[in-house]
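A look at the structure
Here is what each chain is made of, one letter per residue.
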Amino acid sequence: MSTLTITPDRRARLQRRIRLIVAFTIVYNLIEAVVAIAAGSVASSAALIGFGLDSSIEVLSAAAVAWQFTRRDPERWEKPTLRVIAVAFFALAAYVTATSLWALIGGERPEHSTVGLVLTALSVAIMPVVSLAERRAGREIGSATAVADSMQTLICTYLSAAVLIGLALNSLFGWWWADAVAGLVIAVFAVREGLEAWRGDACATSVGMILENDHDHDGREHDHGREHDHDHGHGHDGGHGHDHGHDVREHG
């Protein structure tokens, strides 16, 4: 569906869908953060603790979009919300980089964590579906913030996969450094997505552009209607004048 031909009812449904998606993301990641930090503390796993803190950063992104779409005019808050999401990306990249380098330099060896393995596996299975649903709705409605937030969720899914692989390799083969290396790779993607969100390049058409086009279209229709009424009025007055002149001549 073209974003320029989307109906008001369809737009309202998509906005409600986005609000539900980000609400689910917030609740899920809050639970995920608590469980991951607790499990990481028990297993002395820097990766799991970092994973929990990452979930908190993702909540910031989702909350920013949820807040935007509770406004009467969400498009007005498009740019500042994108900036918040971009900062969340940069914070995520900085944290993952610092944590990964610290783990590599310090040679930290986390213990086996069944809770961590199950938690990260669930995230890898669930969050790509959530990301796809939000991205589709965001693209259809033309919301750069919703698309950027969906990419934030996708990046965190990659991080979940990296932590899962790292925990599994550490448990099976004692390869403690695997998740740290994967974290550095993910940090590069996070920086890229943060730059795109900051520039507003996460979506080809922003909500503001769509509404501006709609307003221009409505304005042209309104102006056309006024010109039509004006011309009709002149023609109507002219006709009365002609009839009046004809009556005068007959009276004379």
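In this report, we go over the structure that sits alongside the text. (Residues numbered from 1 in each chain as written. Predicted model: local features only at pLDDT ≥ 70, side-chain atom pairs only at ≥ 80, totals over all residues. Heavy atoms only, no water.)

Moving on to the overall build of the chain. Along its length, the chain carries seven helices and zero strands. The burial tally for the chain puts 42% of its 252 residues in the buried class. Counted over contacts in the chain with a minimum sequence separation of 6, partners at least 24 positions apart contribute 80%. Total accessible area on the chain is roughly 13,500 Å²; 64% of this is exposed by carbon and sulfur atoms. (Helix = DSSP H or I, 4+ residues; strand = E, 2+ residues; numbered from the N terminus. Buried < 20%, exposed > 50% of the residue type's maximum accessible area, 1.4 Å probe, protein only. Contact = heavy atoms within 4.5 Å. Areas by Shrake-Rupley, 256 points an atom, 1.4 Å probe, with all protein chains shown as cover.)

Glancing now at the packing of helix α4 (residues 114-141) against helix α5 (residues 144-173). Direction vectors running N to C along α4 and α5 enclose 160°, while the axes themselves pass 8 Å from each other. Viewed along their axes, α4 and α5 adopt a mutual orientation that is roughly antiparallel. When the axes of α4 and α5 are compared, the crossing they make is left-handed. For the contact of α4 with α5, a count of residues per class yields 14 nonpolar, nine polar and four charged. (Axes fitted to C-alpha atoms, helices over the stretch in contact; angles between N-to-C directions. Parallel < 35°, antiparallel > 145°, perpendicular 65-115°, else oblique. Left-handed = near helix turned anticlockwise from the far one by under 90°. Nonpolar A, V, L, I, M, F, W, Y, C, P; charged D, E, K, R; others polar.)

A contiguous nonpolar surface patch, about 830 Å² in accessible area, is contributed by L101, L104, I105, L172, F173, W175, W177 and V181. Those elements that place two or more of their residues in the nonpolar patch are α3 (78-106) and α5. With three residues, the single largest contributor to the nonpolar patch is α3. Relative to the helices and strands, I105 resides in helix α3. (Patch = residues over 30% accessible without salt bridge, like charges linked within 9 Å, V, L, I, M, F, W, Y side chains within 5 Å. Salt bridge = Lys/Arg side-chain N within 4 Å of Asp/Glu carboxyl O.)

Applying the stated rule across the entire model yields three aromatic pairs. A ring pair is formed by W175 and W177, whose centres lie 5.9 Å apart and whose planes are at 15°; its orientation type is stacked. Judged by its relative accessible area of 40%, W175 falls in the partly exposed class. These aromatic residues form a ring-pair network of at least three members: F173, W175 and W177. Cation over ring: R83 sits above W198, and NZ or CZ is 4.1 Å from the ring centre. (Phe/Tyr/Trp six-rings, centres within 6.5 Å; stacked < 30°, edge-to-face > 60°. Lys NZ or Arg CZ within 6 Å of the ring centre and 35° of its normal.)

A few words now on the environment of Q68. On the secondary structure map, Q68 appears in helix α2 (residues 46-68). The exposure class assigned to Q68 is buried, which follows from its relative accessible area of 0%. If we ignore the near neighbours within four places in the chain, the residues touching Q68 are P74, E75, W77, E78, T81 and T145.

Taking 1.5 Å of rise per residue, 28 residues should cover 40 Å, and α4 covers 41 Å from first to last C-alpha, within 8% of that figure. Of all the bends in α4, the largest measures some 30° and sits at I126, one to four residues before the proline P128. Just beyond α4, the residue with positive phi is G142, at close to 85°. (Expected span 1.5 Å × (residues − 1). Bend = angle between axes of the 7 residues up to and from the residue.)

Scanning the entire structure with this criterion turns up one salt bridge. We note a salt bridge from R10 to E140, for which the minimum N-O separation is 2.7 Å. On the criterion of sequence distance, the pair formed by R10 in helix α1 (residues 8-43) and E140 in helix α4 is long-range, its members being 130 residues apart.

A word on the packing of α1 against α4. Contact geometry for α1 and α4: axes closest at 10 Å, N-to-C directions at 160°. Between α1 and α4, the crossing angle belongs to the class labelled roughly antiparallel. As for how α1 packs across α4, the hand of that crossing is left-handed.

This part covers α3. Compared with an ideal rise of 1.5 Å per residue, which puts 29 residues at 42 Å, α3 spans 42 Å between its outermost C-alpha atoms and is within 8% of the ideal. Just downstream of α3 lies G107, where phi reads positive at about 65°.

In this structure, I18, F89, L92, V163 and A197 are the most contacted members of the largest nonpolar core, which totals 41 residues. Those elements that provide at least two residues to this core are α1, α2, α3, α4, α5 and α6 (178-199). Considering every element that reaches this core, the biggest residue donor is α5, with 11 residues. Not counting the four nearest positions on each side in its chain, F89 is found in contact with A148, M151, Q152, I155, A190, E193, G194 and A197. (Core = buried A, V, L, I, M, F, W, Y, C linked by side-chain atoms within 4.5 Å.)

The topology assignment puts R109 in the loop between α3 and α4. The exposure class of R109 is exposed, given its relative accessible area of 57%. Sequence separation between R109 and S45 is 64 residues, and the spatial gap between their C-alpha atoms is 7.4 Å. Setting aside residues no more than four positions away along its own chain, R109 makes contact with G174 and W176.

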